[in-house]
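Single-letter residue listing:
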Amino acid sequence: MTLPSLILWILAGFSLLFLGGFALVSHREGEQRATRIMVILTVSLTSFFTLAGFLPSSIQFFFLVILAALVALGCILFLLPVKAPERMRDVPSQRYDERDIMFARARLRPGSQEYTSYYSMRPEHETIDNLFRARPGLLSTNALYADPLVFAMPQASFALAEAMHEMVEGDPAPNVVPLPDIPARTRLVKSLAKYFGALDVGVTPLKPEHVYSHIGRGSGEYGAPITLAHRYAIAFTVEMDHAIMASAPHAPVVMESAKKYVEAGRAAVQLAATIRGWGYAARAHMDGDYRVICPLVARDAGLGEIGRMGLLITPRLGPRVRIAVVTTDLELTPDKDKPATGMIDFCTLCGKCAENCPPKAIPFGDRKELEGALRWQINADLCFRYWSTIGTDCGRCMSVCPYSHPGSFYHNLVRWGIRRSGHFRRAALWMDNFLYGKHPEMRPYDINQCK
């Protein structure tokens, strides 16, 4: 056995293990296209290197030289810097009025005082909003993707979330509990958030642009100015199930969405109540009863970046998360701001969410300056109108995002490369389209598989 033969057979074994492992992972994830492609690549490369080990030494040496050159070129391209876009200012210069968000506008009932008050202030929205009011509506049995069997589950979850609104705030205990020093108590708070169900947790000073200007829904008087004097915000995420989200925009996706809103809200309520029990002011911010803009808080707490689809893109799971926030007077150590400009660059290159958005509500192209902020802005009217037509909260953008793949070794390896190399980001986008398609298939989900 010659040295070139040994190297080629080692490469054959590596191809079998590494590529075959990827094929197995893809099969477990239900990715049929990726499984087929990886099986073909595994068989082809394993066979090639195995047979090449029996060729004359001169030909083997030629193959190895070419392979070494390709590997060296790949390493050079990986290490060569590609200037990523700067984050720059991507928050609005003025506070946002919660009454203007689609969820608040959807709650307005014709003839009510709130309805008259809002459209007197924003008459340009009434005609637009009447377009979604003419549609069946979210969780309607007349909607395009109506499924009464499935829809009963999110209705139950949303009812529970609404019941928890009574517990988002309260008075702190009269006696302050002695706590460890600031770094230690920050670690304690983060550990408790994870104990209550959070995946990733971050802390940021509460900033004016984090807070809505006026109440649009939830507890409190509609239209009342919001004053939130807390100094710190604790943001955290909970994971949404990959297999269920792959069914987007069909009925199971709203079942998962509502469930994770409840889980995030429950963790926020528990954490806020714990901090109040220590004698410090704290408020939970959860679905339907926010005082803060959760994605902005989470971004400044170091949990990700705001992507093309207008959602928080996290390093581990992309947009496949739900967010909740606790604001408090308890002094904590803020996380260092570490702009993930590689994620912004990848979002700029990708555009897969815009390509697959059914109502075409997500913009193509680069970020633009809007209200003093450099960002992408979705067409919320088109988005919500589509929700009102199909009866679910869609989620197609989440399901097709290359960052949304499960946290397996292979996907984490790709994420690692995306963070560190501009050339790899371009290669990763090509690989994602090659393996999963530019328009990934919607995969039905059987609710009998729920666990």
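The structure presented is a predicted model; accordingly, all values stated were derived computationally and were not measured.

Procedures and definitions
- Residues numbered from 1 in each chain as written.
- Predicted model: local features only at pLDDT ≥ 70, side-chain atom pairs only at ≥ 80, totals over all residues.
- Heavy atoms only, no water.
- Helix = DSSP H or I, 4+ residues; strand = E, 2+ residues; numbered from the N terminus.
- Expected span 1.5 Å × (residues − 1).
- Buried < 20%, exposed > 50% of the residue type's maximum accessible area, 1.4 Å probe, protein only.
- Contact = heavy atoms within 4.5 Å.
- Salt bridge = Lys/Arg side-chain N within 4 Å of Asp/Glu carboxyl O.
- Phe/Tyr/Trp six-rings, centres within 6.5 Å; stacked < 30°, edge-to-face > 60°.
- Pairing = 2+ DSSP bridges.
- Axes fitted to C-alpha atoms, helices over the stretch in contact; angles between N-to-C directions.
- 1 Å grid on protein atoms, 1.4 Å probe; cavity = no way out; pocket = protein on both sides within 12 Å on 5 of 7 lines; lining within 4 Å.
- Points joined across faces, edges and corners; volume = space filled by probe spheres on them.
- Nonpolar A, V, L, I, M, F, W, Y, C, P; charged D, E, K, R; others polar.

Trainee: How should I be thinking about the environment of G351 in this particular structure?
Mentor: Relative to the assigned elements, G351 resides in the loop between α12 (341-350) and α13 (352-356). Along the primary structure G351 and F364 are separated by 13 residues, whereas in three dimensions their C-alpha atoms are 6.3 Å apart.

Trainee: Help me understand helix α8 (residues 182-195), please; the structure alone is not making it clear to me.
Mentor: Residue pairs spaced three or four apart in an α-helix point in one direction, given the helix's 3.6 residues per turn. Taking 1.5 Å of rise per residue, 14 residues should cover 20 Å, and α8 covers 20 Å from first to last C-alpha, within 8% of that figure. Among all positions of α8, only A184, R185, T186, V189, L192 and A193 are buried. Of the surrounding secondary structure, the elements contacted by the buried residues of α8 are β1 (201-205), β2 (232-239) and α10 (252-277). Phi turns positive, to about 130°, at G197, one or two residues after α8.

Trainee: Quick question: what am I supposed to make of the pattern of salt bridges here?
Mentor: If the charged atoms of two oppositely charged side chains come close together, the side chains can form a pair. Evaluated as defined, the whole model comprises 20 salt bridges. For R291, the salt bridge is made with D289, and the minimal N-O distance between the two is 3.4 Å. Each member of the pair, R291 as well as D289, carries the same accessibility label: buried. Its salt-bridge partner being R322, residue D393 comes within 3.8 Å of it at the nearest N-O pair.

Trainee: I'm lost on the packing of aromatic side chains in this one. Help?
Mentor: Geometry of an aromatic ring pair is reported as the spacing of the ring centres plus the angle between the planes. A full pass over the atoms with the stated rule returns 19 aromatic pairs. Ring geometry for F346 against Y403: centres 5.7 Å apart, planes inclined by 90°, an arrangement best described as edge-to-face. With F346 in helix α12 and Y403 in the loop between α15 (396-400) and α16 (409-420), this pair connects stretches of sequence that are 57 residues apart. Taken as a pair, F346 and Y403 share a single burial class, namely buried. With a centroid separation of 5.4 Å and an interplanar angle of 75°, the aromatic rings of F409 and Y410 are classed as edge-to-face. Here a set of aromatic residues connected by ring pairs shows up, and it is made of F14, F18, F22, F409 and Y410.

Trainee: How do you make sense of the sheet that holds strand β3 (residues 282-285) when you look at a structure like this?
Mentor: Strand pairing in a sheet is mediated by backbone hydrogen bonds. Such pairs are either parallel or antiparallel. The strand order β1-β2-β6-β3 describes an open sheet built from 4 strands, whose pairing is antiparallel. If you trace the sheet from one side to the other, it starts and ends with β1 and β3, each paired once. Strand-to-strand twist of the sheet, defined as the mean angle between neighbouring strand axes without regard to direction, takes the value 20°. Both β3 and strand β6 (residues 321-328) contribute to a ladder of 4 bridges, which runs antiparallel. Within β6, the residue paired with A284 across the bridge is V326. Its contacts with the sheet put α8 on β1 and β2, and the angle it makes with β1 is roughly 135°.

Trainee: It is not clear to me how the layout of surface pockets should be interpreted in this structure. Could you clarify?
Mentor: If you add up the space inside the second largest pocket, you get close to 1,300 Å³. Looking at the second largest pocket, it is lined by 35 residues, and the ones nearest its centre are F18, L19, L413, F424 and M431. Considering each element in turn, the lining of the second largest pocket owes the most residues, 9 residues, to helix α17 (residues 422-436). Of the residues in the lining of the second largest pocket, the class split is 28 nonpolar, 5 polar and 2 charged.

Trainee: Looking at this structure, I do not really get the pairing of β2. What am I missing?
Mentor: Along any regular strand, the residues point their side chains to alternate faces of the sheet. Burial analysis of β2 places 7 of its 8 residues in the buried class, which makes it a mostly covered element. As defined by bridge partners, β1 adjoins β2 across 5 bridges and the pair is classed as antiparallel. In the strand pairing of β2, V201 is matched with F236. Pairing of β2 with β6 involves 8 bridges; the strand directions are antiparallel. Looking across to β6, one finds that I234 is bridged to V326.

Trainee: I tried to follow the packing of α16 against α17 on my own but got confused; where do I start?
Mentor: Each pair of packed helices can be described by the angle between their axes along with the distance between the axes. With their axes 6 Å apart at the nearest point, α16 and α17 run at an angle of 145° to one another. Residue-level contacts link H411, V414, G417, I418, R419 and R420 of α16 to G422, F424, R425, A428 and Y436 of α17.

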